[in-house]
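As a plain string of letters, each chain reads:
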Amino acid sequence: MKQRPLGNSGLSASIVGLGAWVLGGGPVWGQETDDAESIRAIQGALDLGINLIDTAPAYGWGRSERVVGQAIKGRRHQAVLATKCGLWWEDERGSFFTELAGKKMYRSLRPDTLQLEIENSLRRLEVDHIDLYQTHWPSVPPEQTPIADTMEVLLKLKQQGKIRAIGVCNVAPEELEEHVRCGGIASDQFRYSMLHREAEQEILPRCERHQIATLTYMSLEQGLLTGKIGMDRVFASTEFRANAHWNDWFIPANRQRVLELLASWKPLTDQYACTLAQLVIAWTAAQPGVTHVLAGGRNLAQVTENARAGELTLAAEDLARIRRDVIALGEPTKV
Ligand SMILES: NC(=O)c1ccc[n+]([C@@H]2O[C@H](COP(=O)([O-])OP(=O)(O)OC[C@H]3O[C@@H](n4cnc5c(N)ncnc54)[C@H](OP(=O)(O)O)[C@@H]3O)[C@@H](O)[C@H]2O)c1
């Protein structure tokens, strides 16, 4: 498994990271998640050289963090443990974000909720420090906390040894720059896949310029790019994949186009003796500015398949061919 620096933090992390959102289970993921299998998946990831594990308090209301904590017991030193702060549900502090499974969630990067969140995460993960502590979503009006105030708290947590590096997620370019001005960050995490390339315009070049590590998410388009989600797969209305606003490639007409594209890559998967998931992850990891690809995995089989992509290097002409193909695919039809 290849590793790359996590920005200027001094930490080094596997280019394929394990995304632990699905391990939180719940209605957003449809089919129920099995904690025993989740633990096998996390431990298998470590065995296969995936040291970057990305979780968040919001994934299953703490369940994902608890499962990660159980899985890394006795192997803490092997993991680069990344979690997040800023989605808050214990009371109404912050700005309303969304309602999930009957719980209201607020975006809060206030100093007081951050102080509570770090202790909650350390307790759920059963660790004395977190390697990469990321703000999950930027603070927004009406209760917007200035980035400088949030960074002051995060820098203090770093001084105290509770976290080793600071990261952000889902920030706009100007917010990224403000974090750089307010003390600097090791990483930026955002949505990026071969079908969703908006980050190429500003975010990836800026991260590269500032030597900020990039953790891409939904790079497998939540399983669609593995080729294993056929036309007959139906998602429950509560599932994130049924949300056309986020996942319009899943709409049947669009899905058909993606499946045809994936089928056309059979010569490539034959040539590299790899699966589509591996081809897609390797392509993503090879894009300019991308340093780490988070791949969600709900079981050991998925994690094992995804980990092998960390050893796969695609030739320049094949990277270019895939890019030409996804550009030719065009945009998804909107509903
Ligand atoms: N910061 C943020 O706001 C944010 C947002 C989204 C995600 N993330 C992070 O990024 C990670 C990755 O994103 P994601 O989990 O949403 O999407 P993803 O990695 O694109 O897709 C993960 C899903 O794809 C399926 N899958 C993965 N590998 C597979 C394989 N080899 N074969 C068949 N199916 C496979 C599994 O779904 P099924 O088994 O259910 O079919 C899995 O849950 C998350 O886990 C999370 O850590 C962060």
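Refer to the structure printed above.
Residues numbered from 1 in each chain as written. Predicted model: local features only at pLDDT ≥ 70, side-chain atom pairs only at ≥ 80, totals over all residues.

(A) Quick peek at the pairing of strand β13 (residues 292-296). Most of β13 sits out of view: five of its five residues are buried. Along β13, one buried face is formed by His292, Leu294 and Gly296 and the opposite face, lined by Val293 and Ala295, is buried too. Both strand β3 (residues 16-19) and β13 contribute to a ladder of four bridges, which runs parallel. What sits directly across from Leu18, in β13, is Ala295. The pairing of strand β12 (residues 213-217) with β13 spans two bridges and is parallel. Within β13, the residue paired with Thr216 across the bridge is Val293. (Buried ≥ 20, exposed ≤ 12 C-beta atoms within 10 Å, placed from the backbone. Helix = DSSP H or I, 4+ residues; strand = E, 2+ residues; numbered from the N terminus. Pairing = 2+ DSSP bridges.)

(B) A look at the sheet that holds strand β7 (residues 95-100). Read from one edge to the other, the open sheet built from three strands follows the order β6-β8-β7, with strand pairing classed as antiparallel. Each edge of the open sheet is held by one strand with a lone partner, namely β6 (87-88) and β7. Alignment of β7 against strand β8 (residues 103-107), held across five bridges, turns out to be antiparallel. If you follow Leu100 over to β8, its bridge partner there is Lys103.

(C) Region of interest: the sheet that holds β13. In space, the eight strands of this closed barrel follow the order β3-β4-β5-β9-β10-β11-β12-β13, with parallel pairing throughout. Between one strand and the next, the sheet's axes are offset by a mean angle of 30 degrees, whatever the strand orientation. Contacting β9 (130-135) and β10 (163-169), helix α4 (residues 147-159) crosses the sheet at an angle of about 150 degrees to β10. Packing of helix α9 (residues 276-285) onto the sheet brings it into contact with β3, β12 and β13, and relative to β13 it is tilted by some 150 degrees. (Axes fitted to C-alpha atoms, helices over the stretch in contact; angles between N-to-C directions. Contact = placed C-beta atoms within 7 Å.)

Honestly, that's just the spatial picture; any functional story needs more than this.
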